[in-house]
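# Working through the structure, step by step
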Amino acid sequence: MAAPLIRVKDLWKSFEGEPAVQGLSLEVDAGTIHGLLGLNGAGKTTTIKCIVGLLKPDRGEITVAGRSVTTDVSYKPLIGYLPENPSLPEYLTVEEFLVFVSRLKGLEGLRLKSSVSEVAELFGLSRYLDKLIFGLSKGLKQRVAFASAIVNDPHILILDEPFNGLDPEAQSIAKAKMREVSRGGGSVLVSTHLLDTIERVCDSATIIHNGKDRAWGSVEELKQLAGLGISASLEDAFLRIIAR
């Protein structure tokens, strides 16, 4: 069996002595969309920031595509990352920002130009390319942020609350892109509190509570672990699991 594209084992991370993540483990296999579920403050964003290299774990092992994120940065061109609250340079135009991100991700020449054009068209941004980000609505800014996460056609997508501010059309586009990555043999890790989204989009999920992984498996398996039938909602299963 192939190794998971994302693997977290016994992750610990504290801030000023307060534990945010306590021994968490999770795996995301190739060809899957995996959800990370938890209440606010459960440790989801801390976990994701450790995976993408923005935070250094206190201890534990994290590998992406078989490479340790603490010692080998060569995994970074493989990923697309969307933070929970993207900070965009508001006095660049949409095109300038997408070109800047493309260059950071190693694109150049015709490939860069075509990639920027493709993601702009995908998210309905083509007519905004010459507009300053400052003047865009919140929803359009979120479209720009998602477009920047996929401009390098990543093999692995890591998304933290990706649907914040997205209208139904943009959400549909984002979900289609997530499925495209997984069907192409890549992996998607998505953190969200929108349990109905996880139920419709994800193949599997890890439930995290107080910094610890409490349960993982397919949506059906999580319902069974909660002692519920298949007809129950994932929300019911989630609430029952974290209440234990």
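Residues numbered from 1 in each chain as written. Predicted model: local features only at pLDDT ≥ 70, side-chain atom pairs only at ≥ 80, totals over all residues. Heavy atoms only, no water.

### As for the environment of Ser68
Rule in force here: The secondary structure listing takes helices from DSSP runs of H or I that are at least 4 residues long and strands from runs of E that are at least 2 residues long, numbered from the N terminus. Here, two residues are considered to be in contact whenever any of their heavy atoms come within 4.5 Å of each other. Under this definition, polar contacts are N or O atom pairs within 3.5 Å; protein pairs additionally need one hydrogen-donor-capable and one acceptor-capable atom, and for neighbouring residues in sequence, both atoms have to be side-chain atoms.
In this structure, Ser68 sits in strand E5 (residues 67-68). Residues Ser68 and Trp216, spaced 148 residues apart in sequence, show a C-alpha to C-alpha distance of 23 Å. Once you skip the residues sitting within four places of it in the chain, Ser68 turns out to touch Ile62 and Thr63. In terms of polar contacts, Ser68 uses its side chain to reach the side chain of Thr70, at 3.0 Å.

### Focus: the packing of helix H2 (residues 94-104) against helix H3 (residues 109-122)
Basically, it comes down to this: Axis definition: a line fitted to C-alpha atoms, over the contacting stretch in the case of helices. Angles run 0 to 180 degrees between N-to-C directions. By definition in this entry, angles of less than 35 degrees are roughly parallel, angles greater than 145 are roughly antiparallel, angles of 65 to 115 are roughly perpendicular, and the rest are oblique. Left-handed describes a crossing whose near helix is turned anticlockwise from the far helix by less than a right angle; the clockwise case is right-handed. Each residue is assigned to one of three groups, with Ala, Val, Leu, Ile, Met, Phe, Trp, Tyr, Cys and Pro labelled nonpolar, Asp, Glu, Lys and Arg labelled charged, and all others, Gly among them, labelled polar.
The contact between H2 and H3 brings their axes to 10 Å, and the two run at 130°. Considered as vectors, H2 and H3 are oriented oblique to each other. Pair H2 / H3 crosses with right-handed handedness. Residues Leu98, Val99, Ser102 and Arg103 of H2 touch H3, and the partners they reach there are Leu112, Val116 and Val119. Here the contact of H2 with H3 is built from residues that sort into five nonpolar, one polar and one charged.

### Some points on a positive patch on the surface
Our working rule: Patches here: salt-bridge-free residues with over 30% relative accessible area, like charges joined within 9 Å, nonpolar side chains (Val, Leu, Ile, Met, Phe, Trp, Tyr) joined within 5 Å. We get accessible surface area from the Shrake-Rupley algorithm with a probe of 1.4 Å; when it comes to residues, only the shown protein chains can shield them. Note on definitions: salt bridges are taken to be side-chain nitrogens of Lys or Arg within 4 Å of carboxyl oxygens of Asp or Glu. Only four residue types enter the charge count: Lys and Arg as positive, Asp and Glu as negative, with His and the chain ends excluded. All charge positions are set by atom: Lys at NZ, Arg at CZ, Asp at CG, Glu at CD. Whether a residue is buried, partly exposed or exposed follows from its accessible area with a 1.4 Å probe, protein chains only, as a fraction of its type maximum: under 20%, in between, or over 50%, in that order.
On the surface, Lys212, Arg214, Arg240 and Arg244 cluster together into a patch of positive charge. Following the sequence through the fold, Arg214 ends up in strand E10 (residues 212-217). You can call Arg214 partly exposed: its relative accessible area is 31%.

### Examining a nonpolar patch on the surface
Among the surface-exposed residues, Tyr91, Leu132 and Phe134 lie close enough to one another that they form a single nonpolar patch of about 350 Å² accessible area. For Tyr91, a relative accessible area of 62% gives the class exposed.

### Re the packing of aromatic side chains
Here is the rule: Two aromatic rings, drawn from Phe, Tyr or Trp (for Trp, its six-membered ring), form a pair once their centres lie within 6.5 Å of each other, and the interplanar angle then sorts them: stacked below 30 degrees, edge-to-face above 60, tilted otherwise. The rule is short: NZ of Lys or CZ of Arg within 6 Å of the ring centre and within 35 degrees of the ring normal puts a charge over the ring.
A complete count under the given rule lists two aromatic pairs for this structure. A ring pair is formed by Tyr91 and Phe134, whose centres lie 5.3 Å apart and whose planes are at 15°; its orientation type is stacked. With Tyr91 in the loop between strand E6 (79-82) and H2 and Phe134 in the loop between H3 and helix H4 (138-150), this residue pair connects regions lying 43 residues apart in the sequence. Taking relative accessible area as the criterion, Phe134 reaches 46% and is therefore assigned partly exposed. Seen in terms of ring centroids, Phe123 and Phe146 are 5.3 Å apart; in terms of plane orientation they differ by 40°. Their pairing is tilted. Here Phe123 is found in the loop between H3 and H4, whereas its partner Phe146 is found in helix H4, with 23 residues between them in sequence. We classify Phe123 as buried; its relative accessible area is 0%. Overall, the relative accessible area of 0% leaves Phe146 in the buried class. Over the face of the ring belonging to Trp12 we find Arg59, whose NZ or CZ atom lies 4.4 Å from the ring centre. Sitting above the plane of the Phe163 ring, Lys175 keeps its charged end 5.7 Å from the centroid.

### Let's talk about the sheet that holds E6
In plain terms, the rule: Strand pairing is assigned whenever DSSP identifies at least 2 bridges connecting the two strands.
If you walk across this open sheet you meet the six strands as E6-E7-E8-E3-E9-E10, and the pairing is mixed. Edge positions in the sheet fall to E6 and E10, since each has one partner strand and no second. Each neighbouring strand pair of the sheet contributes to a mean axis angle of 15°, computed without reference to strand direction. Two elements, strand E9 (residues 204-209) and E10, share five bridges in a ladder whose sense is antiparallel. Across the sheet, the residue bridging to His209 is Lys212, located in E10. Running over the sheet, helix H1 (residues 44-51) touches strand E3 (32-37), E6, strand E7 (156-160), strand E8 (187-191) and E9 and is turned about 150° from E7. Where H4 meets the sheet, it contacts E6 and E7, and its direction lies at approximately 160° from that of E6.

### Comments concerning the sheet that holds strand E1 (residues 6-15)
The strand order across the open sheet built from four strands is E2-E1-E4-E5, with neighbouring strands paired in antiparallel fashion. Looking at the sheet topology across the chains shown, the edges are occupied by strand E2 (18-28) and E5. Pairing analysis gives five bridges linking E1 to strand E4 (residues 59-64), with the strands arranged antiparallel. Counted as the bridge partner of Arg7 is Thr63 from E4. Most of the contacts of H1 go to E1, to which it runs at about 115°, and overall it touches E1, E2 and E4.

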